[in-house]
Amino acid sequence: MKIDRRSFLSLGVGAGAGIALSPLPWKLTDDLSIWTQMWPWTPVPKDGEIRYVNSVSTLCRCGCGIKVRKVDDRAVKIEGQEGYPGSDGSACALCMSGIQRLYSPTAIRMPLKNTGTKDAPLWQSVTWDAAIREISEKLGKLRKEGKPQALACISGSDKGTVPALFRRFLQAYGSPNFMSMPSYEDAYEMTLKLMHGTDSAVGFDLENADYVISFGSGILEGWGSSVRMFKAKSAWKDKKVKTVQVDTRLSNSAAKADLWLAVKPGSESLLALGMAAVIISEKLYDKKFADQYTFAFDSWKDAEGKEHRGFKEFILENYSLSYVARATGIEESQIVKIAKEFAGASAPIALCGRGQGNTPGSVHEFMAVHALNALAGNINQKGGVWAMPKDDYIQWDEAATDGIAEKGLETPRIDGAGTEKYPLSKSLPHRLAAIINAAEKSPVEVLLVSGANPLYSLPDSRAVKKAFGRIPFIVSFASHMDETSEMADMILPCPSHLERYEDVPTPAGMIRKVTGLARPVVRPQYNRKNAGDSLILIAKALGGSIAGSFPWAAYEECLEKTFGDKWKTLKETGYITEDFSPPYWDAAFATPSKKFAFMSEVCAGAEKKGGTGAAKPEGEENTFPLLLIPFDSMRLACGPVAPTPFMMKTVSDHMLKGKYTVVEIHPETAQKYGLKEGKNAVLSTPKGEAEVKVHLSRRTAPGIVAMPRGLGHSGPDEYISGKGSNFNELIAAVEDPVSGLDAAWGIRAKLVKA
Amino acid sequence: MDSALIPEGVKRCSFGKFMVFISIVSAVLLWGVYAMLLCWLKGLNQTNMNDYYGFALWIWADLAVIALGGGAFFSGFLKYLVGKDELKNIINYAVLIGFICYSSALLILAIDIGQPLRGWFIFWHANVHSMLTEVAFCLSCYFGVLCIEYIPLVLENRQLNKVPFFHNFAHNLHEIMAVFAATGAFLSFFHQGSLGGVAGVLFGRPFAYREGVFVWPWTFFLFTWSAAAFGPCFTLSLTKLLEKISGKKLVKDNVIELLAKISGWMIFTYTIAKIADTYYWAVVTAPGKGQTLMEFYTGNAFYGIWILVLEVIIGGLIPGLILITNKGRKNKYLLTTAIILACIGVSVNRWVMVLQVMAVPVMPFDTWALYYPSWQEVATTILPVAYGVLLIGISYRYMPIFPQERELNPID
Amino acid sequence: MSAKEQKKAKRFGMVIDLDKCTGCGACMVACMAENNVPFKKDESNKLDSITWMRVFKLTNGKEYPDADVCYLPRPCQHCEGHDGHSPCVSVCPATATDYSRETGIVSQIYTRCFGCRYCMAACPYHARYFNWWDPVWPKGMEKMLSPDVSVRMRGIVEKCSFCFHRYQRAMDKAHLEGRRELAENEYQTACTQACPAGAITFGDLNNPGHAVYKLKQSPNAFRLLERLGTNTKVYYVSEREWVRRAGDNYLAHEKTGQVAAAH
Ligand SMILES: Nc1nc2c(c(=O)[nH]1)N[C@H]1C(S)=C(S)[C@@H](COP(=O)(O)OP(=O)(O)OC[C@H]3O[C@@H](n4cnc5c(=O)[nH]c(N)nc54)[C@H](O)[C@@H]3O)O[C@H]1N2
Ligand SMILES: Nc1nc2c(c(=O)[nH]1)N[C@H]1C(S)=C(S)[C@@H](COP(=O)(O)OP(=O)(O)OC[C@H]3O[C@@H](n4cnc5c(=O)[nH]c(N)nc54)[C@H](O)[C@@H]3O)O[C@H]1N2
Ligand code: SF4
Ligand code: SF4
Ligand code: SF4
Ligand code: SF4
Ligand code: SF4
Ligand SMILES: [Mo]
């Protein structure tokens, strides 16, 4: 057949039309569009059986109840657990993104041994047997050398069974050097010791308070049990309870308070004492409490007839309205008004402990604030501040000690706590670095770290890093890589917070005992062991009285035995709680006079050592004309646990931009130093320097640089690391003369254009 | 070498010279194609667009070329429907430019969307309320019309025209071209308007929003009007440019002046309407939404009131005034200045209606968002320019675009 | 309840107490976890960071110590516009986003959206986000993905859905139990539940039995950019006048709360 042009064309047209009318192009187009709707590399979440499992969070000290939504054995969502004491149905950003921690590729899956150096670690996985053997051999050798005291431990907390097992281990081993990471709870404990004479934890009946004044406490920044504080704050608003925030910077707590008192930095305690002076001079204090249940409120004569000045006279003489107004920057009339309102309320409460409360602070500041609660007669009362008995569910027999241990335990603590210098304190880990760095050879030869990330969280972290570099053997008990683990010689991996049992002791500030139980929500993913189990294995390997002090086969058995007949309830309901009603004033105090003490003998000496009130920030004003203060945010985790990728998404670009922390300065400061919005600058302090970006804001006063805490992690992954700078690298601890606790609230600084 | 393909009776540069030109432009084109492929394969993260700047540089280019390509439909409208027969001497070129502009616009849209392979959903799941749906339909249809208008030009190539079928086909197409021109004009009136509507209907954006009649905001009419007004200036500019490059006169002055005069009056009247629209918007519409005129032009590093002056006065009123005067049109320099200013004016208008809309904060606590394009965006925006230059070069060389060329440039 | 009332269309919406919101970001994280929102290595450029719920920071612009800040959580406002013509819905050329007359929820059909971003240009609240990148979960972390919400691919737009899947789940349960109506607490969004400050209240704005019905009538209640006629379903409450004023564009002489568009 001859194909002429005409038939060729018609054939072509026909074919075209045919194809167009056939299903082929439509099918192809459809397939194409379906393909673009589900690219093979876009994950498709698997469906499965849905279940909810309740647990309690160990991600921070607050111990909130959580509810985990599961699909088959995958955890997909964490929410608050309804009805859980305190947190009741809510959780904060950290816990809600906790699944990202569970499934993080940076989870440590097996014991790791550093075969490189501390500066350039080389991780090699080893078997559990080998790891335990190596650690116990090291520890056995140390004891043989008669130096059990060269073992030290830094624990994230001093409450609960895991810290108790570490303390016990050190006891049996023969070292007094158990340290727990500091917090404002330590300062409150000291305050109650001095003013009430009791060894107790502070409790706040926030829900029943009808007037609240916070001296820098970040009610909405993570202070106290954060979720409970949020709920309390909203309840105050509904009940029209007046809230006053004393803060140098317009923190979120200040912004949400009914009144913000913008005090000069470091003058919080002066304001408290100034208010006390007004309350006393106007005779607005609780007469019954002052007259019958306090010691030395008025001047008195001792047995030898010597005249002692009372609190009343001391305050009236030293804290005149004009002086306090000048020192704090708050108008006299304002101070009088607040003092009158406070004293006039039926259940006023004054809170102390700056920001999230990660730095303990000055004991005198706490005492000054607590004196206000006492003047209002609101101690151990409804809506007031309570001295709470500490958790006592751990009732183990005393650890057995052999001769080596006994000798070791008699040596003074390396951090100086409980020594002549700081007789009242229990643990001062922030002093460790300087002591190690000053010594010719590190007094700590083996360090155990559990539930803490001291390399990130202790002040002057560069010095801490140097010190840790000098410790011959560090064992880190951790579930994820962090700054401290990076410096370890051996890492013993712990299951993540959703894969293990652990008791959660009563959170800070509660007015009832609440013991929660964290439980495995999903099947453990890797071969990891609870720190308690690792410790039991090490103890057993060491043998002798040490092994004898750890009679449990495993940590779970230890937990079960510890709770005894309460274990069943705890395991079933997830928590046990016990109501508490505080004793009346006649039975509340255990000071020598059995009365409330406004002032303490201990302080009398301290006054000479360093004066009262807030610590003086380090640095010369000439070289460092500005004052650097930190601020906390609920969108960042400031504790040992690094923030999650989801949290990083919430962080404002006024806190972090690219790899730079953004610091806040007043426009006037910016002009003075030639700095511009969003531009880079070098921030330096006597401790270090960091390149930052500046944000101009009227939330801070001229002369202040405000810097967010919680940034600048060096690990564990690209979502977190290398973002911003760690505030702790720029700050130095300032020792409180009474307690030795870190009382630093800021440091002098310089900011120059980069 | 290629002399057999070159139209009879005209002179073209040497093949070698032509190939150098082709190579240079192709290199630029390939750079653009590379950027385009990056956008397709790696996604729009190759651009500097963001969630505030969802429309950016190339969408401006898209709108601008469609406005500038408006010379095609409006010349067609004038020639076939109004009966300005002299325009037959420039209509081929206008159609070519229109074809380039519209094919570029469609290409840009295909790069711009996040899921190009689903692009056809716009037809399949069409939402009649959306101006973009209207744009898509009319734009595609009108592009079809432009193809039909451009095909006879191609078929008139010396060699192709020897094929009887092509010859007849082209001839027949010419016969019914008025029908297509009318259809094209109708479609254009609509899609140019819809493009104006794209911004004008954004009642959540007081900077863009305009009141109007029925479903059409005033920008609907202003865009159609401005495309008709300014498009011919672009045709004229490119004619002047080609004349300059080829060193030959290609279109007679009376044709140029006629088109310039019509364009001038269109621009002049458009500008008056635009001023009225701006005035009403500044005094009634925007304040009704709580914003004042100057809020739109202060508080950022780029958008000052200068841009309004540039658009309306320098790029609108001035060229309009020049072109409506006989003296202005006759003066070579004034004419050139006016048509260039006009092209700038309409381009600035499209810029403002796309990019400034994205930049202006609406929520009182929001901030100005400024943006600069990535090289991939620049390259992809230049891509159609290179493509246009190439197509003009080839078309001019091998097709009888300018009917008066032979007469104006006798070879012997 | 009468049959007629039962048939009445729902208008799900929120009332957010700005005096309670602490800016903690829990709602943002809850939303991300609930809705499989992707995350990138650098999220500090807020112009390309997908946050269906975004908490804005407002300042009163005054000098220290009279300065004040307020946080404003911004989910999609589920605009009703005039008769369901939300700014975004009316412009979407492919009907990939729709206004539901039964629930008042503005939906987003990811598989239909072809990424033209016209809806983003239309939304004055920046509630819509484009997937500029392929979503990538670090190895192993894709285990956290919830099957209730499909994962979105590169090149399309996503936004807050008022956790529509929770509505579906609740409706499924109700239907199984032979009910056609949901109790107020049966359908709550993830952000509402998460907020530790109890700042967000969610419910049917048309239902006098729901808390939002009363709360929205507060003299301190306002909506964002009300005068644009977006007719949103997210109400805000604040006792502070400067905050209420920051919710809309006001001309210098206009009184707070006295201007609103007719629709
Ligand atoms: N290109 C493309 N298109 C798609 C899809 C796709 O993959 N690709 N997916 C398809 C799929 S799977 C779906 S489900 C659709 C989603 O899209 P549609 O179903 O079209 O709409 P939606 O707004 O998502 O929600 C469903 C509607 O049902 C209403 N509704 C919910 N429950 C009830 C009820 O109990 N009673 C009544 N009367 N109304 C109720 C809601 O208010 C809403 O109006 O999109 C479909 N379209
Ligand atoms: N935020 C928000 N969430 C929503 C909705 C919403 O509007 N907003 N809509 C809801 C609705 S209506 C729906 S239907 C869902 C949609 O959510 P999905 O049910 O997840 O639907 P798709 O996203 O379309 O994905 C379906 C998946 O099925 C797989 N698939 C396709 N064909 C086959 C096959 O033949 N065999 C197998 N084994 N697998 C196949 C593909 O991998 C594809 O990814 O999302 C719900 N969730
Ligand atoms: S405060 Fe937040 S991180 Fe801590 S336990 Fe509670 S929810 Fe978890
Ligand atoms: S969770 Fe509540 S308090 Fe926190 S930012 Fe969101 S709305 Fe505000
Ligand atoms: S807030 Fe934006 S995305 Fe949501 S409905 Fe309104 S216009 Fe649409
Ligand atoms: S980006 Fe998607 S949802 Fe938005 S207008 Fe375009 S197609 Fe519609
Ligand atoms: S309603 Fe649901 S989707 Fe919307 S912001 Fe809240 S959690 Fe996210
Ligand atoms: Mo569906």
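Everything quoted here is computed from the prediction, not taken from an experiment.

J.: Would you take a moment to explain the overall build of chain A for this structure?
T.: Scanning chain A for helices and strands turns up 27 helices and 30 strands. Computed over C-alpha atoms, the radius of gyration of chain A comes to 30 Å, within 12% of the 27 Å expected from 2.2 N^0.38 for 754 residues, which places it in the range of a compact globule. When the backbone C-alpha atoms are referred to their principal axes, chain A occupies close to 140 × 65 × 55 Å. Counting all 754 residues of chain A, 61% fall into the buried class. Taking the intrachain contacts of chain A between residues at least 6 apart in sequence as the baseline, contacts between residues at least 24 apart amount to 72%. As presented, chain A carries roughly 28,900 Å² of accessible surface, and 53% of it is formed by carbon and sulfur atoms.

J.: Before we go on, may I ask you to explain the overall build of chain C in this structure?
T.: Secondary structure assignment for chain C yields 8 helices and 10 strands. In summary, chain C has a C-alpha radius of gyration of 19 Å against a globular reference of 18 Å for 263 residues, a match within 12%. With 263 residues in all, chain C has 67% of them scored as buried. By sequence separation, contacts in chain C at least 24 residues apart represent 62% of the contacts at least 6 residues apart. Working note: accessible area of chain C is about 9,200 Å², and carbon and sulfur atoms make up 52% of it.

J.: How should I be thinking about the packing of helix α1 (residues 15–42) of chain B against helix α4 (residues 88–112) of chain B in this particular structure?
T.: A pair of packed helices is characterised by two quantities: the angle between their axes and the separation of those axes. Following both chains from N to C, one finds α1 of chain B and α4 of chain B inclined at 35°, their axes separated by 9 Å at the closest point. Only L107, A110 and I111 of chain B of α4 of chain B make contact with α1 of chain B, whose side of the interface consists of M36, C39 and W40 of chain B.

J.: Please clarify how the interface of chain B and chain C should be interpreted in this entry.
T.: For an interface, size is often stated in terms of accessible area lost upon the parts coming together. Across the boundary between the two partners, chain B contributes 49 residues, which contact 55 residues of chain C. Summing both sides of the interface, chain B and chain C together bury roughly 4,300 Å²; the carbon and sulfur share of this comes to 60%. Its largest share of buried area at the contact with chain C, chain B owes to D51, F203 and F365 of chain B, together 18% of the area lost on that side. Among the ionic pairs, D112 of chain B bridges to R117 of chain C, the shortest N-O distance being 2.5 Å. Taken together, the connections running from chain B to chain C amount to 30 residue pairs in polar contact (both at pLDDT 80 or more). Counting only elements with at least two residues in the side of chain B that touches chain C, the list comes to α1, α5 (121–124), α6 (131–155), α8 (177–200) and α10 (253–288) of chain B. Of the residues in the side of chain B that touches chain C, the class split is 23 nonpolar, 19 polar and 7 charged.

J.: Explain the site of ligand 3 here, please?
T.: Around ligand 3, the neighbouring residues are S57, C60, C62, G63, C64, A91, C92, L94, C95, S226 and V227 of chain A. At the level of elements, α3 (93–96) and α8 (226–238) of chain A are the ones that each hand at least two residues to the shell around ligand 3.

J.: Hey, could you run me through the packing of aromatic side chains in this one?
T.: Both the distance between ring centres and the angle between the ring planes are used here to describe each pair of aromatic rings. According to the stated counting rule, one finds 84 aromatic pairs over all chains in the structure shown. Taking the centre distance of 6.1 Å and the plane angle of 20° together, the rings of Y34 of chain B and W375 of chain B count as stacked. Here Y34 of chain B is found in helix α1, whereas its partner W375 of chain B is found in helix α14 (residues 375–398), with 341 residues between them in sequence. When the ring of F302 of chain B is compared with that of W306 of chain B, the centres are 5.6 Å apart and the planes differ by 90°; the resulting orientation is edge-to-face. Among the residues examined, W306 of chain B registers a relative accessible area of 41% and is labelled partly exposed. Chaining the aromatic ring pairs together yields one cluster made of Y285, F289, Y293, F297, F311, Y584, W585, F589, F596 and F598 of chain A. We note K138 of chain A situated over the ring of F473 of chain A; from NZ or CZ to the ring centre the distance is 4.4 Å.

Reading guide: rules and limits
- Residues numbered from 1 in each chain as written.
- Chains lettered and ligands numbered in written order.
- Predicted model: local features only at pLDDT ≥ 70, side-chain atom pairs only at ≥ 80, totals over all residues.
- Heavy atoms only, no water.
- Helix = DSSP H or I, 4+ residues; strand = E, 2+ residues; numbered from the N terminus.
- Rg over C-alpha atoms; globule rule 2.2 N^0.38 Å.
- Buried < 20%, exposed > 50% of the residue type's maximum accessible area, 1.4 Å probe, protein only.
- Contact = heavy atoms within 4.5 Å.
- Areas by Shrake-Rupley, 256 points an atom, 1.4 Å probe, with all protein chains shown as cover.
- Axes fitted to C-alpha atoms, helices over the stretch in contact; angles between N-to-C directions.
- Buried area = accessible area lost by both parts, 1.4 Å probe.
- Salt bridge = Lys/Arg side-chain N within 4 Å of Asp/Glu carboxyl O.
- Polar contact = N/O pair within 3.5 Å; in protein donor to acceptor, adjacent residues only side chain to side chain.
- Nonpolar A, V, L, I, M, F, W, Y, C, P; charged D, E, K, R; others polar.
- Near = heavy atom within 4 Å.
- Phe/Tyr/Trp six-rings, centres within 6.5 Å; stacked < 30°, edge-to-face > 60°.
- Lys NZ or Arg CZ within 6 Å of the ring centre and 35° of its normal.

Take it as geometry only, folks, not as evidence of what the structure does.
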